[in-house]
2 protein chains.
Amino acid sequence: MILRMSSLFVRTLRDDPNDAEVPSHRLLVRAGYIRRNAPGIYTWLPLGLRVLRRIENVIREEMDAIGAQELSFPALLPREPYEATNRWTEYGDNIFRLQDRKGGDYLLGPTHEEMFTLLVKDLYSSYKDLPLSIYQIQTKYRDEARPRAGLLRGREFIMKDSYSFDVDDAGLDASYASHREAYIRIFDKLGFEYVIVRAHAGAMGGSKSEEFLAKAAVGEDTYVTCPACGFAANVEAVETPSPAPVPYDDAPDAHVEDTPDTPTIDSLVQLLNGSFPREDRPWAAEDTLKNVLMVVTQLDGTSEPLAIGVPGDREVDPKRLEATLYPAEFRPFNEEDFAKYPDLVKGYIGPGVLGEKGSSGIRFLVDPRIVEGTRWVTGANEPGRHVLDLTVGRDFTPDGTIEAAEVRAGDPCPRGDGILEAARGIEMGHIFQLGRKFADALGLQVLDENGKLVTVTMGSYGIGPSRAVAAIAEGTLDEIGLCWPRNVAPADVHIVAAGKDEAVFAAAAELAEALSQQGLDVLYDDRAGKVSPGVKFKDAELIGVPTIVTVGRGLADGTVEVRDRASGERQEVAVGEAAGHLVGIVRG
Amino acid sequence: MILRMSSLFVRTLRDDPNDAEVPSHRLLVRAGYIRRNAPGIYTWLPLGLRVLRRIENVIREEMDAIGAQELSFPALLPREPYEATNRWTEYGDNIFRLQDRKGGDYLLGPTHEEMFTLLVKDLYSSYKDLPLSIYQIQTKYRDEARPRAGLLRGREFIMKDSYSFDVDDAGLDASYASHREAYIRIFDKLGFEYVIVRAHAGAMGGSKSEEFLAKAAVGEDTYVTCPACGFAANVEAVETPSPAPVPYDDAPDAHVEDTPDTPTIDSLVQLLNGSFPREDRPWAAEDTLKNVLMVVTQLDGTSEPLAIGVPGDREVDPKRLEATLYPAEFRPFNEEDFAKYPDLVKGYIGPGVLGEKGSSGIRFLVDPRIVEGTRWVTGANEPGRHVLDLTVGRDFTPDGTIEAAEVRAGDPCPRGDGILEAARGIEMGHIFQLGRKFADALGLQVLDENGKLVTVTMGSYGIGPSRAVAAIAEGTLDEIGLCWPRNVAPADVHIVAAGKDEAVFAAAAELAEALSQQGLDVLYDDRAGKVSPGVKFKDAELIGVPTIVTVGRGLADGTVEVRDRASGERQEVAVGEAAGHLVGIVRG
């Protein structure tokens with residue numbers, strides 16, 4: 001197949017679009033792959049659609065290979081199934097809702113667990129029908145609060161979502177494993193760097209859950225890995241190791257001290273080291289206990305305050321807290337909230353006023369590191385004063401623990417003795433064992449071997465092909481443009497006719513034709529007239545087809561130049577051998 | 001590729017679904033191709049999706065062959081572009097509207113003229129860029145008042161819509177012609193009976209317009225053809241031939257007569273023939289003038305009454321009137337409306353009170369057959385009385401003509417001396433010359449050869465692949481099930497292992513494997529246990545793969561039975577030759 005630049009529906013842009021935040025977005029717009037229609041809503045131009053389709057086909061092949069069967073649900077869905085699982089409410093502002101002309105409630109599907117579950121319930125009734133894996137590649141909708149980074153977080157996007165249905169847990173484990181293997185093959189084929197990490201199940205409930213993250217500095221997700229034991233997890237899913245309790249029989253009594261002018265943890269630590277020096281080691285931020293006040297709002301609209309205690313060297317990580325509290329939402333205390341609790345002395349809040357037995361009665365949960373016997377410097381609930389040697393289990397008892405503090409590189413591995421490393425990634429795939437949550441809610445049961453009704457157990461497996469376009473672009477681009485891996489490139493070879501000679505165009509056209517007849521997809525820059533070779537080269541670099549062939553000056557000596565877009569390596573090849581040479585490169 | 005019935009996600013149903021109105025809908029549900037989620041909203045099961053994808057690919061191939069380039073717009077669209085062309089309002093209740101979390105107005109695209117126009121405006125600027133044809137195959141939404149007949153009139157459906165962009169009318173003619181040829185090739189390949197008819201441009205404005213209708217008794221569209229001259233048109237687009245004026249110098253004066261007990265045209269005609277017999281020929285319904293009162297509501301919400309005069313042997317055809325008045329809507333007069341016009345004597349309304357000069361002042365438009373000099377029996381605006389010999393141009397002058405009366409088989413051809421035949425069809429494709437309507441509204445101009453800005457002229461070309469699934473099913477099914485044409489069938493061959501013998505299953509599996517290796521798609525009924533051969537045969541007939549192979553009793557004699565689903569012809573073929581024989585049948 002030959003795409004001719006003279007007629008291809010594309011215009012490359014010299015300037016970056018105003019709203020492009022990340023390099024892949026900038027280049028996908030500039031190179032004419034996508035165009036923005038509204039926040040998080042894009043049109044796929046011919047080049048972009050070709051990349052998208054190739055990614056979809058890689059996914060489809062591997063899904064089919066594990067026996068998953070493709071079907072297609074509507075995007076416009078009635079309210080009722082989502083009501084049955086409470087997600088009509090649970091999704092809050094994150095879904096698009098609408099009414100039809102008769103006032104019936106509908107939504108634009110953000111995910112289709114309910115529909116898959118109900119369909120299997122409709123068709124199947126026996127354990128003999130299982131296991132079953134079904135999937136779709138389909139347009140989904142989420143009304144993101146902050147659509148960003150082009151295709152990375154869109155409001156209309158493509159998802160491959162598959163579901164497995166098994167009669168028992170062993171079956172689910174097997175289905176999960178076969179999807180996991182398929183995902184590994186898919187991500188290997190797509191050609192970008194990724195890592196598989198433990199994930200928080202979040203909205204879906206369920207147990208075992210892993211994410212496939214593309215390694216990318218622009219990623220929204222942070223993950224940690226342990227070089228020692230191989231542990232890898234999204235920070236949302238890291239369980240903080242809880243140290244053993246410390247004996248405190250000999251611990252000094254708690255004592256309140258004046259700590260004037262210590263509005264920050266740093267200034268407090270400085271004062272401690274000046275006024276109350278320790279013998280064994282200097283005071284550090286990690287010796288202090290910071291109590292953060294939040295208002296947590298449940299789905300039913302009820303709110304209650306929550307105090308979270310974390311070591312003073314760590315912030316509360318909003319994404320970790322969000323994952324922990326889901327589906328409830330939270331916000332920090334404001335002045336009005338503080339006004340309702342006069343016992344809370346802002347900047348000097350200590351455990352004394354918190355928890356079940358504290359004077360405020362506010363629920364008080366602490367970081368898992370804050371175990372019995374540990375001693376802390378924390379607010380004394382009086383302006384300008386802190387309490388030292390406040391000991392857990394003796395001087396205060398929190399109402400429980402909470403995963404909310406940030407996870408950092410250098411933290412101990414929760415699995416062993418290793419030290420965690422941290423990096424950022426883009427969530428590209430998510431596989432998890434849903435278990436029986438949806439089957440229970442929607443009554444999906446089958447008869448087992450003994451004729452008894454049993455509830456089906458499900459797995460859920462998603463990949464975002466549209467996000468993959470951006471993530472692959474992001475992971476492979478360089479300073480001059482896009483740089484596609486061979487399996488997803490919009491064409492196999494980009495031929496540039498560089499010159500004004502008719503002979504140049506004739507030779508270039510002949511080569512394009514020869515490659516096309518061999519089954520290669522060729523992008524042929526046949527533009528004549530005022531389009532200079534320089535412009536053509538720049539466009540070829542920007543568009544990022546993996547192999548660029550220049551038919552130009554060398555033609556006099558009977559050669560064309562073959563250039564590898566990624567490495568920049570150039571090679572002169574005899575015209576007569578060019579087609580064979582290129583087929584060899586493309587087919588590997 | 002082998003689909004095994006033992007694991008294929010399908011369940012055939014013995015009973016018709018409650019809501020299925022037409023045979024294709026009934027069978028597509030019963031055979032497990034689709035499932036309904038809400039009115040006009042369906043899920044594609046694996047078999048259905050396979051047929052849909054094959055149809056899409058036939059369309060894609062032919063679009064690519066004429067140089068049209070595929071891209072893909074979002075379905076969720078911002079209001080602004082549709083505001084610019086007034087269609088945000090014009091579509092009324094027929095589009096789904098929604099708001100995002102920030103209150104921004106969006107719609108689910110019912111059609112994408114605006115988006116295509118704006119995209120070309122964004123990318124292109126010169127006559128050198130044209131001609132251009134671009135298309136998408138994409139999910140569209142219309143909030144139909146009466147979704148019906150399964151996929152035939154859905155609210156979420158798939159459309160291939162393409163648009164051509166040319167610098168002048170000659171270019172548009174050429175683009176239109178090449179699309180028309182491509183459509184002919186598509187419809188020929190899809191394998192169902194169709195007719196190309198003149199169409200009303202309707203919502204889109206523009207000039208030349210043709211529809212591709214699938215011939216089908218259940219179709220919503222009525223079309224007429226003239227065997228003499230080949231004229232063919234949707235009745236919505238038929239222009240009623242207007243006869244030459246008739247001299248009326250010698251016409252008798254109009255005279256009012258008592259016509260008691262004549263509530264219907266028939267009773268009136270009977271009374272006329274009894275009490276006022278004519279010499280030349282008996283009175284007939286076509287000698288009477290029936291005046292029908294409507295309220296017409298414009299887009300801006302303003303309403304006004306309209307009287308429509310048609311010969312008494314014809315009804316006003318709501319679909320023709322709708323096409324004529326579009327985008328205004330209409331409804332018949334109700335009691336309240338009549339109460340406002342005391343001059344209108346229900347059942348006896350005559351021209352005297354109608355029109356610009358009539359006492360009611362109600363606008364009065366008549367069928368084009370009601371020309372100057374023709375004489376009519378019509379209401380005398382008094383209860384129980386009619387006027388005879390009321391002559392157009394002498395006794396009354398309508399305000400104009402209107403296409404509203406039904407078109408019938410037997411009507412004269414508007415083009416020549418032929419007589420029209422009538423039939424029903426399903427609109428499968430619509431091609432038309434939009435002209436400059438959208439380019440004007442949205443400012444799509446390019447520089448011409450002389451450096452002057454000229455407005456681009458557009459063509460619009462649509463096919464509904466999801467509707468095509470139903471239309472092809474409808475046109476090919478028989479009393480026992482679906483019966484797919486080879487090009488769109490979900491598989492090439494359906495192999496039934498009919499027996500309990502291991503040898504039967506072994507031979508059937510081997511044949512399936514051999515065919516699959518030759519590149520054929522095989523549906524293999526490998527169900528063991530309690531599924532009887534009878535059930536398998538019934539399922540095969542219902543599912544409708546064009547060639548059914550039975551591996552069963554004949555195996556003892558070394559043969560299998562090959563049956564043509566459509567004709568029912570059976571043939572015994574030696575096992576060893578079966579694969580070659582079947583490949584021959586499939587490949588033609």
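- Going by what an unreviewed UniProt entry lists, chain A is known as Proline--tRNA ligase and is assigned to Nocardioides seonyuensis.
- UniProt, in its Sequence similarities (unreviewed entry) section for chain A, records the words "Belongs to the class-II aminoacyl-tRNA synthetase family. ProS type 1 subfamily."
- Annotation of chain A in UniProt includes, under Subcellular location (unreviewed entry), the sentence "Cytoplasm".

## Section: the overall build of chain A
Link 1 in the chain: Each helix and strand in chain A was counted, giving 14 helices and 30 strands.
Link 2 in the chain: With the principal axes as the frame, chain A shows a C-alpha extent of 95 × 70 × 50 Å.
Link 3 in the chain: Of all 588 residues assigned to chain A, the portion counted as buried reaches 56%.
Link 4 in the chain: Within chain A, residue pairs in contact and separated by at least 24 positions form 68% of the contacts whose partners lie at least 6 positions apart.
Link 5 in the chain: Carbon together with sulfur atoms contributes 47% to the accessible area of chain A, which is approximately 24400 Å² in total.
Link 6 in the chain: Within chain A, the 93 negative side-chain charges are centred at a point lying 6 Å from the centre of the 64 positive side-chain charges.

## Considering the environment of Pro39(B)
Link 1 in the chain: Relative to the assigned elements, Pro39(B) resides in the loop between β2 (34–38) and β3 (41–44).
Link 2 in the chain: Accessibility expressed as a relative area gives 34% for Pro39(B), which makes it partly exposed.
Link 3 in the chain: As for Pro39(B) and Phe212(B), which are separated by 173 residues in sequence, their C-alpha atoms are 26 Å apart.
Link 4 in the chain: With residues up to four places along the chain from it excluded, the contact list for Pro39(B) reads Tyr106(A), Pro147(B) and Arg155(B).

## Structural notes on the environment of Ser125(B)
Residue and element names in this part refer to chain B.
Link 1 in the chain: Locating Ser125 in the fold gives a position in the loop between α5 (113–123) and β8 (132–141).
Link 2 in the chain: By relative accessible area, which is 49% here, Ser125 ends up partly exposed.
Link 3 in the chain: Remark: the alpha-carbon pair of Ser125 and Asp389, spanning 264 residues in sequence, is separated by 64 Å.
Link 4 in the chain: With sequence-adjacent residues up to four places away left out, Ser125 is seen in contact with Val446 and Leu447.

## As for the relation of the copies chain B and chain A
Two chain copies here: they are related by a rotation about an axis and a translation along the same axis.
Link 1 in the chain: Of the transformation placing chain B onto chain A, the axial shift is 0.1 Å and the rotation is 180°, giving an RMSD of 0.1 Å. Both copies are brought into coincidence by an operation consistent with a two-fold rotation axis. Considering only C-alpha atoms, the part of chain B nearest the rotation axis is Leu98(B), at 2.7 Å.
Link 2 in the chain: The residues that chain B uses at the interface reappear at the interface of chain A in 100% of cases, marking a shared surface.

## Here we look at the pattern of salt bridges
Residue and element names in this part refer to chain B.
Link 1 in the chain: Tallying each qualifying case throughout the model produces 91 salt bridges over all chains.
Link 2 in the chain: Across the salt bridge formed by Arg375 and Asp389, the nearest N and O atoms sit 3.3 Å from each other. Pair noted here: Arg375 is in strand β19 (residues 375–382) and Asp389 is in strand β20 (residues 385–391), with a separation of 14 residues, a long-range link.
Link 3 in the chain: Relative accessible area serves as the criterion here: at 43%, Arg375 is assigned to the partly exposed category.
Link 4 in the chain: In this structure, the salt-bridge partner of Arg408 is Glu406, at a minimum N-O distance of 3.6 Å.

## What to know about the sheet that holds strand β6 (residues 97–99) of chain A
Sheet strands pair by backbone hydrogen bonding; their relative direction is either parallel or antiparallel.
Residues and elements named next belong to chain A.
Link 1 in the chain: Read from one edge of the open sheet, three strands run β5-β7-β6, paired in antiparallel fashion. Looking at strand neighbours, the two that pair on one side only are β5 (76–78) and β6, the edges of this open sheet. Taking the axes of each pair of neighbouring strands and ignoring which way they run, one obtains an average angle of 40° across the sheet.
Link 2 in the chain: Looking at chain direction, β6 and strand β7 (residues 105–108) are connected through three bridges and run antiparallel. Bridging across to β7, Arg97 finds its partner in Leu107.

## Some words on the interface of chain B and chain A
Link 1 in the chain: Counting residues at the interface gives 52 residues for chain B and 52 residues for chain A.
Link 2 in the chain: Between chain B and chain A, a total of about 4500 Å² is buried, with carbon and sulfur atoms accounting for 58% of that surface.
Link 3 in the chain: For the pair chain B and chain A, the interface holds 24 residue pairs in polar contact (both at pLDDT 80 or more).
Link 4 in the chain: Examining the composition of the side of chain B that touches chain A, we find that five residues originate from one element, α5(B), more than from any other.
Link 5 in the chain: Here the residues of the side of chain B that touches chain A sort into 30 nonpolar, seven polar and 15 charged.

## Section: the side chain of Arg35(A)
Link 1 in the chain: One can find Arg35(A) in strand β2 (residues 34–38).
Link 2 in the chain: According to the relative accessible area criterion, Arg35(A) is buried, its value standing at 8%.
Link 3 in the chain: A distance of 2.8 Å separates polar atoms of two side chains, one belonging to Arg35(A) and the other to Asp122(B).
Link 4 in the chain: Beyond its immediate chain neighbours, meaning those up to four positions away, Arg35(A) contacts Arg11(A), Leu13(A), Val29(A), Ile41(A), Tyr42(A), Thr43(A), Leu45(A), Leu119(B), Asp122(B) and Leu123(B).

## As for the domain arrangement of chain A
Interfaces are often sized by the amount of accessible area the parts lose when they come together.
Residue and element names in this part refer to chain A.
Link 1 in the chain: Entries for chain A in the domain assignment read domain 1 (17–72 + 109–238 + 422–474), domain 2 (255–401) and domain 3 (493–587).
Link 2 in the chain: Of note, the centres of domain 1 and domain 2, computed from C-alpha atoms alone, are 38 Å apart.
Link 3 in the chain: Each partner contributes to the interface: domain 1 provides eight residues, whereas domain 2 provides six residues.
Link 4 in the chain: The junction of domain 1 with domain 2 conceals about 570 Å² of combined surface from both sides, 50% of it contributed by carbon and sulfur atoms.
Link 5 in the chain: When the shortest N-O distance is used, the salt bridge between Asp221 and Lys319 registers 3.8 Å.
Link 6 in the chain: Connecting domain 1 to domain 2 are four residue pairs in polar contact (both at pLDDT 80 or more).
Link 7 in the chain: A per-class count over the side of domain 1 that touches domain 2 returns three nonpolar, two polar and three charged.

## Things to note about unusual backbone geometry
All names here are of chain A.
Link 1 in the chain: Cis geometry marks the peptide bond from Leu130 to Pro131; its omega dihedral reads 0°.
Link 2 in the chain: Tracing the sequence through the fold places Pro131 in the loop between α5 (113–123) and β8 (132–141).
Link 3 in the chain: Even without glycine at this site, Asp261 takes up a positive phi of about 55°.
Link 4 in the chain: On the secondary structure map, Asp261 appears in the loop between β14 (255–258) and α7 (265–275).
Link 5 in the chain: The class for Asp261 is exposed, based on a relative accessible area of 71%.
Link 6 in the chain: A positive phi angle, near 60°, is found at Asp389, a position not held by glycine.
Link 7 in the chain: On the basis of relative accessible area, Asp389 is assigned to the buried category, the value being 11%.

## A short note on the side chain of His430(A)
Residue and element names in this part refer to chain A.
Link 1 in the chain: Note that His430 resides in strand β22 (residues 421–435).
Link 2 in the chain: Note on His430: relative accessible area 12%, which makes it buried.
Link 3 in the chain: At 2.9 Å, the side chain of His430 forms a polar contact with the side chain of Ser209.
Link 4 in the chain: Apart from the residues within four sequence positions on either side, His430 is in contact with Tyr183, Ala199, His200, Ser209, Glu210, Glu211, Ser460, Tyr461 and Gly462.

Criteria and thresholds
- Residues numbered from 1 in each chain as written.
- Chains lettered and ligands numbered in written order.
- Predicted model: local features only at pLDDT ≥ 70, side-chain atom pairs only at ≥ 80, totals over all residues.
- Heavy atoms only, no water.
- UniProt positions renumbered as here; feature names shortened; annotations may be inferred.
- Helix = DSSP H or I, 4+ residues; strand = E, 2+ residues; numbered from the N terminus.
- Buried < 20%, exposed > 50% of the residue type's maximum accessible area, 1.4 Å probe, protein only.
- Contact = heavy atoms within 4.5 Å.
- Areas by Shrake-Rupley, 256 points an atom, 1.4 Å probe, with all protein chains shown as cover.
- Lys, Arg positive; Asp, Glu negative; His and termini not counted.
- Charge placed at Lys NZ, Arg CZ, Asp CG, Glu CD.
- Least-squares fit on C-alpha atoms with pLDDT ≥ 70 in both.
- Salt bridge = Lys/Arg side-chain N within 4 Å of Asp/Glu carboxyl O.
- Pairing = 2+ DSSP bridges.
- Axes fitted to C-alpha atoms, helices over the stretch in contact; angles between N-to-C directions.
- Buried area = accessible area lost by both parts, 1.4 Å probe.
- Polar contact = N/O pair within 3.5 Å; in protein donor to acceptor, adjacent residues only side chain to side chain.
- Nonpolar A, V, L, I, M, F, W, Y, C, P; charged D, E, K, R; others polar.
- Domains from an automatic or database assignment.

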